[in-house]
Amino acid sequence: MIQFYLTYFIVQATFAVITPFLPVVLANLGFSVSQVGLGMGCFEAVGIVGPLAVGLLAERTGRFRSFDALSLFFSALLFGGFVLKLPGWLYFLILGSLGFCFRANAPLLDSISMDAVQGDSQKYTGIRSAGTMGFVILSVAMSVAGIPAPSDNKAIAITFGLVCCLGVLAIILLPVRYDHLKSCEKIGKDRNTGKWYDNAFVLMLLLIAMSRFSLSAVYSFLSLYALDVAHVPDITILNAVAAGCEFFVMLLAGWLMKKRKLSAYFFLMVGSAAMALRLCLYVWFPTKTGLILSQTLHAFCYGAFHPAALNYIASHVRKDRLGAGISLYFSLASGLPSVVGSMVGGHMVDAFGYARMFYTYAAVSLAAVIIGLIFGKFLRSQDKIAFDVI
């Protein structure tokens with residue numbers, strides 16, 4: 001199991017580069033804020049297809065590990081295209097291809113690890129927290145060293161490529177037995193027919209999508225907001241703080257869910273409420289200190305939220321379709337709202353400014369909390385549809 005810790009440590013470190021710097025890379029190429037939003041939307045739009053298409057291929061061929069490594073390898077190659085002088089439409093083609101490959105990586109790795117720990121939330125968060133540490137350590141290292149320079153696309157591409165190559169190596173070194181998931185094995189024809197999810201799963205995916213719509217404002221526009229409005233040039237430290245706080249809360253949330261002291265439903269509601277507050281704080285305190293303090297809420301917006309989402313899915317889908325449930329979470333409940341959020345947000349910033357955009361996105365997340373509370377009893381229930389195979 002130690003190999004999973006190392007793999008997550010390296011693979012999640014790739015997000016320390018692509019999350020803060022991809023919008024900046026586009027701005028360096030001469031795109032406006034609305035065009036950056038459109039580009040990020042393109043990245044996320046094709047990223048919806050990646051987890052579904054690659055996940056289906058992995059499930060049918062039993063090559064989860066192989067497809068995971070390939071998705072990261074091609075991500076590194078595609079990112080290198082941003083250092084070339086190309087027509088604008090080609091950059092969007094690269095963004096779409098990058099989204100397809102890069103977004104396929106996380107659900108594949110999560111499917112492998114959730115299968116390996118047999119859905120144990122405490123074990124999963126322990127492994128996943130190693131990824132958070134990889135994100136934090138690389139973010140801090142880049143911040144201290146002052147690399148890559150936000151204005152240097154070539155340096156950013158090289159940094160991303162190197163980390164991706166290390167991630168590919170780590171995935172390849174995972175034992176071959178993790179190519180094919182145990183949960184994909186047939187459990188009996190009579191048990192693999194009919195409905196494989198319950199009704200609460202559908203509604204919760206919608207609420208998760210609303211919260212992830214709001215989170216797109218952070219991933220797509222926080223770096224630009226920090227540079228243009230708050231005048232914070234060190235954007236890597238913002239992500240380091242967010243991930244650092246995420247680490248401890250993720251471990252705590254996994255333990256509490258394992259011991260059944262608090263439910264996945266609880267953490268999903270708290271995470272959505274924290275998302276709304278976080279976006280408001282950006283507007284209320286547009287300084288380096290204010291942004292850093294706001295970033296601590298990432299502990300609940302993602303640190304507790306993500307393992308809670310996986311835990312909820314594992315409890316509301318049939319075991320043999322766990323990979324499909326996780327792929328839907330990444331594609332429809334995370335990828336699709338990120339597409340809409342990125343595209344709409346860019347135009348809102350150009351037309352009304354950052355404050356109006358942040359407030360609007362905060363309201364969407366708050367609406368998810370209200371709906372979640374109204375249907376709380378239903379969301380905490382579980383239909384009895386072949387869950388004896390879990």
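Here the structure is shown first, and the text comes after it.
Parameters and conventions
In every chain, residue numbers begin from 1 and rise along the written sequence. Per-residue local features of the predicted model are confined to residues with pLDDT of at least 70, and side-chain atom pairs are confined, for both listing and counting, to 80 or more; whole-chain, interface and lining totals are unaffected and use all residues. Note that water and hydrogens are dropped before the side-chain values are worked out from all heavy atoms of the structure. Secondary structure counts use DSSP, requiring at least four H or I residues in a row for a helix and at least two E residues in a row for a strand, with both numbered from the N terminus. Atoms considered for the radius of gyration are the C-alpha atoms alone. The globule rule reads 2.2 Å times the number of residues to the power 0.38. Relative accessibility under 20% of the residue-type maximum defines a buried residue, over 50% an exposed one, and the middle range a partly exposed one, all with a 1.4 Å probe and only protein chains included. Any two residues having at least one pair of non-hydrogen atoms within 4.5 Å are treated as being in contact. Accessible surface is estimated by sampling points in the Shrake-Rupley manner with a 1.4 Å probe; for residues, cover comes only from the protein chains shown. Only four residue types enter the charge count, namely Lys and Arg as positive and Asp and Glu as negative; His and the chain termini do not. Every charge is mapped onto a representative atom, which is NZ of Lys, CZ of Arg, CG of Asp or CD of Glu. For this analysis, a salt bridge means a side-chain nitrogen from Lys or Arg found within 4 Å of a carboxyl oxygen belonging to Asp or Glu. What is meant by a nonpolar core is a set of buried Ala, Val, Leu, Ile, Met, Phe, Trp, Tyr and Cys residues, joined one to another through side-chain atoms within 4.5 Å. In this analysis, a patch consists of residues with relative accessible area above 30% that form no salt bridge, clustered at 9 Å for like charges and at 5 Å for the nonpolar side chains Val, Leu, Ile, Met, Phe, Trp and Tyr. An expected span of 1.5 Å times one less than the residue number is assigned to each helix. What the bend at a residue measures is the angle between two axes, fitted to the seven residues ending there and to the seven starting there. Angles shown run from 0 to 180 degrees and are taken between the N-to-C directions of axes, each axis being a line fitted to C-alpha atoms and, for helices, limited to the stretch in contact. By definition in this entry, angles of less than 35 degrees are roughly parallel, angles greater than 145 are roughly antiparallel, angles of 65 to 115 are roughly perpendicular, and the rest are oblique. By convention the crossing between two helices is left-handed if the near helix lies anticlockwise of the far one by an angle smaller than a right angle, and right-handed if it lies clockwise. Side-chain classes are defined by residue name, with Ala, Val, Leu, Ile, Met, Phe, Trp, Tyr, Cys and Pro counting as nonpolar, Asp, Glu, Lys and Arg as charged, and the others, Gly among them, as polar. Only Phe, Tyr and Trp rings are paired, with Trp represented by its six-membered ring, and only when their centres lie within 6.5 Å; those with planes under 30 degrees apart are stacked, over 60 edge-to-face, the remainder tilted. Only Lys NZ and Arg CZ are tested; either one counts as a charge over a ring when it is within 6 Å of the ring centre and within 35 degrees of the ring normal. By convention in this document, the label disulfide applies to cysteine sulfur atom pairs within 2.5 Å.

For the rest of this paragraph, the subject is the overall build of the chain. When helices and strands are counted, the chain shows 15 helices and zero strands. Its C-alpha atoms give the chain a radius of gyration of 20 Å, within 12% of the compact-globule value 21 Å for 390 residues. Taken along the three principal axes of its C-alpha coordinates, the chain extends 60 × 45 × 35 Å. The buried share among the 390 residues of the chain stands at 59%. Considering only contacts within the chain whose residues lie at least 6 apart along the sequence, 86% involve residues at least 24 apart. Counting every atom, the chain has about 15,400 Å² of accessible surface; 69% of that belongs to carbon and sulfur. Charged side chains in the chain number 28 positive and 18 negative. The centres of these two groups are separated by 5 Å.

With that out of the way, let us pick up the pattern of salt bridges. A full pass over the atoms with the stated rule returns two salt bridges. Two residues, Arg103 and Glu44, come together in a salt bridge whose shortest N-O distance is 2.6 Å. Residue Arg103 is found in helix 5 (residues 88–116), and its partner Glu44 is found in helix 3 (residues 33–61); the two are separated by 59 residues along the sequence.

What follows covers the nonpolar core. Core analysis: the biggest nonpolar cluster contains 123 residues, and Phe79 and Phe82 have the highest contact counts within it. Considering each element in turn, this core owes the most residues, 17 residues, to helix 8 (residues 199–228).

Together, Leu366, Ile370, Ile374, Phe375 and Phe378 make up a nonpolar patch on the protein surface, roughly 480 Å² of accessible area in all. A total of three residues in the nonpolar patch trace back to one element, the largest contributor, which is helix 14 (residues 354–374). In this structure, Leu366 sits in helix 14. Residue class for Leu366 comes out partly exposed when judged on its relative accessible area of 44%.

In this model, helix 12 (residues 298–316) (19 residues) spans 25 Å end to end at C-alpha, consistent with the 27 Å of a helix rising 1.5 Å per residue. The largest bend along helix 12 measures about 40° and falls at Phe305, with the proline Pro307 one to four residues further on.

What follows covers the packing of helix 1 (residues 2–11) against helix 5. Two numbers describe how helix 1 lies on helix 5: the axes approach to 12 Å, and their chain directions differ by 160°. Classed by the angle they form, the pair helix 1 and helix 5 counts as roughly antiparallel. In the crossing of helix 1 with helix 5, the sense of the turn from one axis to the other is left-handed. Contact residues: helix 1 offers Phe4, Thr7, Tyr8 and Val11, while helix 5 offers Asn105, Leu109, Asp110, Ile112, Ser113 and Ala116. Of the residues in the contact of helix 1 with helix 5, the class split is six nonpolar, three polar and one charged.

Another point: the packing of aromatic side chains. All told, the structure shown has 16 aromatic pairs when counted by the stated rule. Ring plane angle 55° and centroid distance 5.9 Å describe the contact between Phe102 and Phe160, whose orientation is recorded as tilted. With Phe102 in helix 5 and Phe160 in helix 7 (residues 153–172), this residue pair connects regions lying 58 residues apart in the sequence. Among the residues examined, Phe102 registers a relative accessible area of 1% and is labelled buried. Through successive ring pairs, a cluster of aromatic residues spans Phe15, Phe31, Phe79, Phe82, Tyr91, Phe92, Phe102 and Phe160. Above the face of the Phe305 ring, Arg212 is positioned so that its terminal group lies 3.8 Å from the ring centre.

Summarising the element assignment, Gln295 is placed in helix 11 (residues 288–295). Other than its neighbours up to four places away in sequence, Gln295 contacts Val218, Leu222, Leu238, Asn239, Val241, Ala242, Arg278 and Tyr282.

Our next topic: the state of the cysteines. This structure, assessed with the given rule, holds zero disulfides. There is no disulfide at Cys101, and the cysteine sulfur nearest it, in Cys164, is 10 Å away. Cys164 carries a free sulfur, and the closest cysteine sulfur to it, the one in Cys165, is 7.0 Å from it. Owing to a relative accessible area of 0%, Cys164 belongs among the buried residues under this scheme.

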